[in-house]
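A structural walkthrough
Now for the letters of each chain:
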Amino acid sequence: MAAALEEDEIDYDDYYSLLNVRREATQDELKASYRRLCMLYHPDKHRDPELKRQAEQLFNLVHRAYEVLSDPQSRAIYDIYGKRGLEVEGWEVVERKRTPAEIREEYERLQREREERRLQQRTNPKRYSPYIISVGIDATDLFDRYEEDYEEISGGGSGGLPHIEINRMHISQSIEAPLTTSDTAILSGSLSTHNGNGGGNINLALRRVTTAKGWGEVEFGAGDTHGPLFGLKIFRNLTSRCFTTAHCGMQFSSRGIRPVLTTMLARHLDKNTMGYLQWHWGTQSSMNTSIVRDTKSSHLTFAVQLGIPHTFIMMSYQYKFQDDDQTKIKGSVKSGFFGTVVEYGAETNISRHSVLGATVSIGVPQGVSLKIKLNRASQTYFFPIHLTDQLLPSAVFYATVGPLVFYLAIQRLVIRPYLHAQQEQELEKQRESSASDIAKKKQEAEAAVLLMQESVRRIIEAEESRMGLIILNAWYGKFVTDNSRKHERARVIDVTEPLQCLVKDSKLVLTEASKAGLPGFYDPCVGEEKSLKVLYQFRGVMHQVLCGDTEALRIPKQSHRIDNDS
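Residues numbered from 1 in each chain as written. Predicted model: local features only at pLDDT ≥ 70, side-chain atom pairs only at ≥ 80, totals over all residues. Heavy atoms only, no water.

The name given to the protein chain in an unreviewed UniProt entry is DnaJ homolog subfamily C member 11, with the source organism recorded as Sinocyclocheilus anshuiensis. Looking at the protein chain in UniProt, the text filed under Subcellular location (unreviewed entry) is "Mitochondrion outer membrane". Note on the protein chain: under the UniProt heading Sequence similarities (unreviewed entry), the record states "Belongs to the DNAJC11 family." (UniProt positions renumbered as here; feature names shortened; annotations may be inferred.)

Shown next, in the form of structure tokens:
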């Protein structure tokens, strides 16, 4: 819900940054910062009408920030939902004597009421499940070609190109349409073809949320493979850590009615581990138990199934790299009456909404296959490529190395240039859309600097008398330090006076928040990484430091000292 708020409107004002306090700041810390800024921006200190007007605006802004953060209830709302949370329709009638948890519950209730009003205006389905396309490719002729003498007899010749064909295809999609706040209609369908023979089906399901702990669903279907279908599905939370699902159905065909019953019991074993127990009764009965452990850096699955005809044991492991591309490598082993299959592969983000993955499958008696999958937003494209029916080292080698080399080449020649150009376009659009906001923030920052000049002069005099902390130069914005990007223009602003105004008792402390919200600051390059560079003098010695936009900064420090030799 908080994410939805951020998508509605981006708000650059940060009350914590404005007051230069920690998010965990106590009431005393808030009060001390508020009093200092009030002394700085109090309108009565200025006789010039223009300065007085600007001081009133900044004074009111500081007062509003302190008013919100000093009230426990308002602060709880602001911490969870930001300034938008304080403006929700109906919020003003909420009782003030409530805990943060009660406030959050009440806020979510108001949000649900607003969603109900929006729902009445909907005329088209809003939510879509993944659109899946699977294309099976038979490429066994690359490695399992006929003998040369047979090719000569058949007229093919040994120099002919390998024959690669598409032998199967599957397409499926479903659409969810909300009818009321508790009822949803789901329409789904699929088409399949294999070696020239195809079929399809269509299903309609009606789901109703009965209570906060469960829902029920009725399903009707028809197709040319199984005939009419009727089913009932139920979901229920048994406890806070345990839930169950049950699905019973009947398929009508020329052979009669085939009943199907599937039940599953799931339980949270700990914060990151789930246990599942599943039973399936029908023409192919089975019992399956599995344990799934999912953490920030790994995903582990262990499963055992006993059934007719499928009985197997399976274990898979996935390691998640903590990089920008969210790269994952995975491997699994599955063994049963059908044989043994070993799989390994990787997947990575190639753009903000696209994930590309490749898996090599080696099995007995299945042979060697390469599976390529592309997820694009709500769409999934799956390409299983069967390479050979035998365990040939050459097939395993090319299935492993080929996709890796191809991906690295495409990444360097196509994806990176495209993403860079796209990022530049987005930044340019963001600059254009935020130009008026930047101009307004710049005016506010310049007004704040004018108002603090007298205070800065007094602070410098006091610091010079004790050989304390003097800010010589300070810049905030985007610095170009990479030699390969020297053609880019650095976009920085001078923040020497605003920083000197924050010096107290020969110390300067900035909290872990964006510096753009500090008095006298503004964001000169919206959407880009920014830094703060400070050149200062302490005890007559020169110091210099460069810190990130959201990093905490405390000066003076011995590590910032500039050696005389340098």
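After that view, the rundown keeps rolling.
When helices and strands are tallied, the protein chain shows 10 helices and 24 strands. Put simply, the protein chain has 566 residues, and 36% of those count as buried. Counting only contacts in the protein chain whose residues sit at least 6 apart along the sequence, the fraction spanning at least 24 positions is 44%. Split by element, the accessible area of the protein chain, about 34700 Å² in all, is 55% carbon and sulfur. (Helix = DSSP H or I, 4+ residues; strand = E, 2+ residues; numbered from the N terminus. Buried < 20%, exposed > 50% of the residue type's maximum accessible area, 1.4 Å probe, protein only. Contact = heavy atoms within 4.5 Å. Areas by Shrake-Rupley, 256 points an atom, 1.4 Å probe, with all protein chains shown as cover.)

Its 41 residues give helix 8 (residues 393–433) an end-to-end C-alpha distance of 56 Å, which sits within 8% of 60 Å, the value for a rise of 1.5 Å per residue. When the local axis directions of helix 8 are compared, the greatest deviation, roughly 50°, occurs at Gln411. What helix 8 keeps buried is the set Ala395, Ala399, Tyr407, Gln411, Ile415 and Leu427. Packing partners of the buried residues in helix 8 comprise strand 15 (339–349), strand 16 (354–364), strand 17 (367–376) and strand 18 (379–388). (Expected span 1.5 Å × (residues − 1). Bend = angle between axes of the 7 residues up to and from the residue.)

Glancing now at the side chain of Gln305. Looking at the element boundaries, Gln305 is found in strand 12 (residues 298–307). A polar side-chain atom of Gln305 sits 3.2 Å from a polar atom in the side chain of Asn288. Among residues more than four places away in sequence, those in contact with Gln305 are Ser286, Met287, Asn288, His310, Thr311 and Phe312. (Polar contact = N/O pair within 3.5 Å; in protein donor to acceptor, adjacent residues only side chain to side chain.)

What follows covers the packing of helix 3 (residues 27–41) against helix 4 (residues 49–69). For the pair helix 3 and helix 4, the least separation of the axes is 10 Å and the interaxial angle reads 170°. In terms of orientation, helix 3 and helix 4 fall into the roughly antiparallel class. Packed against helix 3, whose contacting residues are Gln27, Leu30, Lys31, Tyr34, Leu37, Cys38 and Tyr41, the element helix 4 presents Ala55, Leu58, Phe59, Val62, His63, Tyr66 and Leu69 at the interface. Here the residues of the contact of helix 3 with helix 4 are counted per class, giving 11 nonpolar, 2 polar and 1 charged. (Axes fitted to C-alpha atoms, helices over the stretch in contact; angles between N-to-C directions. Parallel < 35°, antiparallel > 145°, perpendicular 65-115°, else oblique. Nonpolar A, V, L, I, M, F, W, Y, C, P; charged D, E, K, R; others polar.)

With that out of the way, let us pick up the packing of helix 3 against helix 9 (residues 435–465). Following both chains from N to C, one finds helix 3 and helix 9 inclined at 105°, their axes separated by 9 Å at the closest point. Classified by the angle between their axes, helix 3 and helix 9 sit roughly perpendicular to one another. For the pair helix 3 and helix 9, contact is made by Arg36, Leu40 and Tyr41 and by Ala448, Leu451, Met452, Ser455 and Ile459, respectively. Partitioned by chemical class, the residues of the contact of helix 3 with helix 9 number 6 nonpolar, 1 polar and 1 charged.

Next up on the list: unusual backbone geometry. The peptide bond linking Val364 to Pro365 adopts the cis configuration, its omega dihedral lying at 10°. Along the chain, Pro365 turns up in the loop between strand 16 and strand 17. A cis amide bond, omega 10°, links Ile555 with the succeeding residue Pro556. Counting through the fold element by element, Pro556 comes out in the segment after strand 24 (553–555). The phi dihedral of Met467 is positive, around 50°, even though this residue is not glycine. Inspection of the secondary structure puts Met467 in the loop between helix 9 and strand 19 (469–478). In this structure, Arg539 takes a positive phi of about 55° despite not being glycine.

Our next topic: helix 9. Three or four residues apart is the spacing at which side chains of an α-helix point the same way, because the helix has 3.6 residues per turn. With 31 residues, helix 9 extends 43 Å between its outermost C-alpha atoms, agreeing within 8% with the 45 Å of an ideal straight helix rising 1.5 Å per residue. Met452 marks where helix 9 bends most, by close to 45°. Residues of helix 9 that are buried: Ile438, Ala445, Ala447, Ala448, Val449, Leu451, Met452, Ser455, Val456, Ile459 and Glu463. Contacts from the buried residues of helix 9 go to helix 3, helix 4, strand 19 and helix 10 (496–501). At the exit of helix 9 stands Met467, carrying a positive phi of roughly 50°.

In this structure, Ile471, Leu499, Leu508, Leu532, Val534 and Ile555 are the most contacted members of the largest nonpolar core, which totals 26 residues. Mapped by element, the contributors of at least two residues to this core are helix 9, strand 19, strand 21 (508–510), strand 22 (531–538), strand 23 (541–548) and strand 24. Those residues in contact with Leu532, other than ones at most four positions away along the chain, are Trp475, Tyr476, Phe479, Val495, Leu499, Leu510, Lys515, Phe521, Val545, Leu546, Cys547 and Leu553. Listed in part, the 25 residues of the second largest apolar core include Tyr16, Ala55, Leu58 and Val456. (Core = buried A, V, L, I, M, F, W, Y, C linked by side-chain atoms within 4.5 Å.)

This next bit is on the sheet that holds strand 19. With antiparallel pairing, 4 strands are arranged side by side in an open sheet as 20-19-22-23. Of all the strands in the sheet, just strand 20 (491–494) and strand 23 have a single pairing partner and so form its edges. In this sheet, neighbouring strand axes are inclined to one another by 20° on average, regardless of whether the strands run parallel or antiparallel. The sheet contact formed by strand 22 and strand 23 spans 8 bridges and is antiparallel. Residue pairing in the sheet places Leu535 in a bridge with Gln544 of strand 23. (Pairing = 2+ DSSP bridges.)

Turning our eyes to something else, we now look at the environment of Ala222. Secondary-structure assignment places Ala222 in strand 6 (residues 214–223). Each C-alpha atom of the pair Ala222 and Phe252 lies 9.4 Å from the other, and the pair is 30 residues apart in sequence.

Once that is clear, we can look at the side chain of Arg491. On the secondary structure map, Arg491 appears in strand 20. For Arg491, the side chain forms a polar contact with the side chain of Glu528, separated by 2.3 Å. Those residues in contact with Arg491 that lie beyond four places of it in its chain are Arg431, Tyr476, Gly477, Lys478, Pro524, Cys525 and Glu528.

Quick look at the confidence of the model for the protein chain now. For the protein chain, the average pLDDT comes to 81, and 83% of its residues sit at 70 or higher. Scored below 50 in pLDDT, residues 1–12 shows 17 contacts in the model against residues more than four places distant or in partner chains. Counting interchain partners and residues more than four positions distant, the pLDDT-below-50 stretch residues 89–97 has 17 contacts. (pLDDT = per-residue confidence, 0-100.)

The next subject is the packing of aromatic side chains. Tallied over the entire structure, the rule returns 8 aromatic pairs. With 5.4 Å between their ring centres and 40° between their planes, Phe235 and Phe243 make a pair best called tilted. Residue Phe243 is classed as buried on the basis of its relative accessible area of 17%. Ring plane angle 80° and centroid distance 5.4 Å describe the contact between Phe397 and Tyr398, whose orientation is recorded as edge-to-face. One aromatic cluster is present, built from ring pairs that chain together Phe143, Phe397 and Tyr398. (Phe/Tyr/Trp six-rings, centres within 6.5 Å; stacked < 30°, edge-to-face > 60°.)

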